[in-house]
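Spelled out, the chains give:
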Amino acid sequence: MFVYADNAATTSVSKTALEAMLPYLTQNYGNPSSLYSFGQKAQEALQQARETVARCLNADPREIYFTSGGSEADNQAIVSAARLGARKGKKHLISTKFEHHAVLHTLKKLEKEGFEVTLLDVHEDGVVRLEDLEAAIREDTALVTVMFANNEIGTVQPIAEIGALCREKKIPFHCDAVQAAGHMPIDVKAMNIDMLAISGHKFHAPKGVGALYARKGMVLSNIIEGGAQERGKRAGTENVAGIVAMAAALEESCAHMEENTAKIIPMRDKLFAELSKIPHSKINGSLEKHVPGTVNMCFEGIEGESLLLMLDDAGICASSGSACTSGSLDPSHVLLAIGLPHEVAHGSLRLSIGEYNTMEEIDHIIETVPKVVSYLRGMSPVWDELQKGQRQHLI
């Protein structure tokens, strides 16, 4: 049996998205910047997609800028807020220790340019405390950036409360919502979000297309120079087919969110319940504040890379963390941020399921993972030492 359980890394393109994009690859392939009617058909498609994405986020279409994905949108939002703050003498930025590297690496770059960055603790449950944020805010704070849902452990942050605090303090609030869009309700107005990033391939659109929401009045800095596309804020001929597909996929995901969630959560909970029966295993992050489909666990005495390879042999696609850093042998910065020691963090497994998965596939995972963990422990000198009492169990 083949089981795709890595939907947090990417999703398949839905039939709806594929059918929406095909005409803009084969028939209506004009450049939307062209003045003739053939090009203007593409421009009309862009506008319709902008309106659809805006509607799904409760934004104004003029607040939506199409990008190549979530990483670009994160970069532009953070750099824009930083530059705007610097012009006002504000060079302090606040984020969390377990953000996606699109955020953390941008902040690190800005540190080299003279900005000061405060990274908030996310505690053992993987949730930011509002009082920690309030204590970190200063007179010179130019931006707060906190992700909606963590890409590795699936914990959801108190976004509406953070937005309300930032609005009260008159500080721009950016949110990386890549793992939440299409899976959880997002209302940028009600949540007081000033800038927000999404990426199409996380909700059944193609890779290479995303969007940045920027509230009216937010001054965006260009990070790509060239033409005047996206109202002069993002140069480059628009990926019309991808954008149309993303809008269709997001609309479909939002329309079916309740029924998808109702299907996914029982599968997720069964994984948690059964896999947690494996001795010396640990569920990572709060289960109360959680996206529907992400399961993240650690198994003591094994290496995550070996676990993934053996699961692959059994037809199961999984991850040990973010797909963007899967080539790294270092333990996940997310798991270290919630306080796990290196030895435990190395034995992590992320399973992320979606509405296309079935309970039969979940049963296959439940049957396979304990066998693989047992096999790997049987050949692990670390596990042998743990069993003999020469090392102390950490889980």
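Everything below is about the structure shown above.
Our subject in this report is the structure included herewith. (Residues numbered from 1 in each chain as written. Predicted model: local features only at pLDDT ≥ 70, side-chain atom pairs only at ≥ 80, totals over all residues. Heavy atoms only, no water.)

Description of the environment of K277
Phase 1: Along the chain, the position of K277 falls in the loop between α10 (257-275) and β9 (281-283).
Phase 2: Note on K277: relative accessible area 58%, which makes it exposed.
Phase 3: When the C-alpha positions of K277 and P370 are compared, they lie 8.9 Å apart, and in sequence the two are 93 residues distant.
Phase 4: At 3.1 Å, the side chain of K277 and the side chain of E274 are in polar contact. (Helix = DSSP H or I, 4+ residues; strand = E, 2+ residues; numbered from the N terminus. Buried < 20%, exposed > 50% of the residue type's maximum accessible area, 1.4 Å probe, protein only. Polar contact = N/O pair within 3.5 Å; in protein donor to acceptor, adjacent residues only side chain to side chain.)

Describing the sheet that holds strand β10 (residues 294-299)
Phase 1: In space, the three strands of this open sheet follow the order β9-β10-β12, with antiparallel pairing throughout. Across the chains shown, the open sheet's two edge strands, defined by having one partner strand only, are β9 and β12 (348-352). Taking the axes of each pair of neighbouring strands and ignoring which way they run, one obtains an average angle of 25 degrees across the sheet.
Phase 2: In this structure, β10 lies alongside β12, joined through five bridges in antiparallel fashion. For N296, the partnering residue across the bridge sits in β12 and is R350.
Phase 3: Against the sheet, α10 contacts β9, β10 and β12, and its axis sits at roughly 10 degrees relative to β10.
Phase 4: Docked against the sheet, helix α11 (residues 304-313) engages β10 and β12, running at close to 45 degrees with respect to β12. (Pairing = 2+ DSSP bridges. Axes fitted to C-alpha atoms, helices over the stretch in contact; angles between N-to-C directions. Contact = heavy atoms within 4.5 Å.)

A closer look at the packing of aromatic side chains
Phase 1: All chains considered together, the criterion is met by one aromatic pair.
Phase 2: Taking the centre distance of 5.0 Å and the plane angle of 80 degrees together, the rings of Y29 and F38 count as edge-to-face.
Phase 3: Positioned above the aromatic ring of F115 is the side chain of K91, whose terminal nitrogen or guanidinium carbon lies 4.8 Å from the ring centre.
Phase 4: Sitting above the plane of the W383 ring, R377 keeps its charged end 4.1 Å from the centroid. (Phe/Tyr/Trp six-rings, centres within 6.5 Å; stacked < 30°, edge-to-face > 60°. Lys NZ or Arg CZ within 6 Å of the ring centre and 35° of its normal.)

A short note on the sheet that holds strand β4 (residues 116-120)
Phase 1: Judged by pairing direction, the sheet is mixed, and its seven strands sit side by side in the order β2-β8-β7-β6-β5-β3-β4 without closing on themselves. Because the sheet does not close on itself, it has two edges, and the strands there are β2 (64-67) and β4. When the angles between neighbouring strand axes are averaged without regard to direction, this sheet yields 20 degrees.
Phase 2: Where strand β6 (residues 173-176) meets strand β7 (residues 195-199), three bridges bridge the pair, whose relative direction is parallel. Across the sheet, residue C175 finds its bridge partner in β7, namely L196.
Phase 3: Packed on one face of the sheet, helix α3 (residues 37-57) meets β2, β7 and β8 (210-214) and runs near 115 degrees to β2.

Comments concerning the pattern of salt bridges
Phase 1: Under the defined criterion, the tally for this structure stands at 18 salt bridges.
Phase 2: One salt bridge connects D60 with K216, and the closest N-O pair in it is separated by 3.5 Å. Linking D60 in the loop between α3 and β2 with K216 in the loop between β8 and α8 (229-232), this pair joins segments that are 156 residues apart in sequence.
Phase 3: You can call D60 buried: its relative accessible area is 18%.
Phase 4: Linking E72 and R234 is a salt bridge whose minimum nitrogen-to-oxygen distance equals 2.7 Å. Separated by 162 residues along the polypeptide, E72 in helix α4 (residues 70-87) and R234 in the loop between α8 and α9 (240-255) bring together distant segments of the chain. (Salt bridge = Lys/Arg side-chain N within 4 Å of Asp/Glu carboxyl O.)

A short note on the packing of α3 against α9
Phase 1: The geometry of α3 relative to α9 is characterised by a closest axis approach of 9 Å and an angle of 30 degrees between their N-to-C directions. If you check the angle between α3 and α9, you find them roughly parallel. Here the hand of the crossing between α3 and α9 comes out left-handed. Residue-level contacts link A42, A45, L46, A49, T52, V53, R55 and C56 of α3 to V240, I243, V244, M246, A247, L250, E251 and C254 of α9. (Parallel < 35°, antiparallel > 145°, perpendicular 65-115°, else oblique. Left-handed = near helix turned anticlockwise from the far one by under 90°.)

Points about a positive patch on the surface
Phase 1: On the surface, R83, R87, K88 and K109 cluster together into a positively charged patch.
Phase 2: Relative to the helices and strands, K88 is located in the loop between α4 and β3 (92-96).
Phase 3: The exposed category is assigned to K88, whose relative accessible area is 60%. (Patch = residues over 30% accessible without salt bridge, like charges linked within 9 Å, V, L, I, M, F, W, Y side chains within 5 Å. Areas by Shrake-Rupley, 256 points an atom, 1.4 Å probe, with all protein chains shown as cover. Lys, Arg positive; Asp, Glu negative; His and termini not counted. Charge placed at Lys NZ, Arg CZ, Asp CG, Glu CD.)

A short note on helix α5 (residues 101-112)
Phase 1: In a regular helix each residue adds 1.5 Å, so 12 residues correspond to 16 Å; α5 covers 16 Å between its end C-alpha atoms and thus fits that length.
Phase 2: Buried within α5 we find A102, V103, L104, T106, L107 and L110.
Phase 3: Looking at the buried side of α5, the elements it contacts are α4, β3, β4, β5 (141-145), β6 and α12 (333-337).
Phase 4: At the exit of α5 stands G114, carrying a positive phi of roughly 100 degrees. (Expected span 1.5 Å × (residues − 1).)

A closer look at the environment of E385
Phase 1: Examined against the element boundaries, E385 turns out to sit in helix α15 (residues 381-387).
Phase 2: Under the relative-accessibility criterion, E385 is labelled partly exposed at 27%.
Phase 3: Each C-alpha atom of the pair E385 and G301 lies 9.4 Å from the other, and the pair is 84 residues apart in sequence.
Phase 4: When residues no more than four places from it in sequence are discounted, the contact partners of E385 are Q390 and R391.

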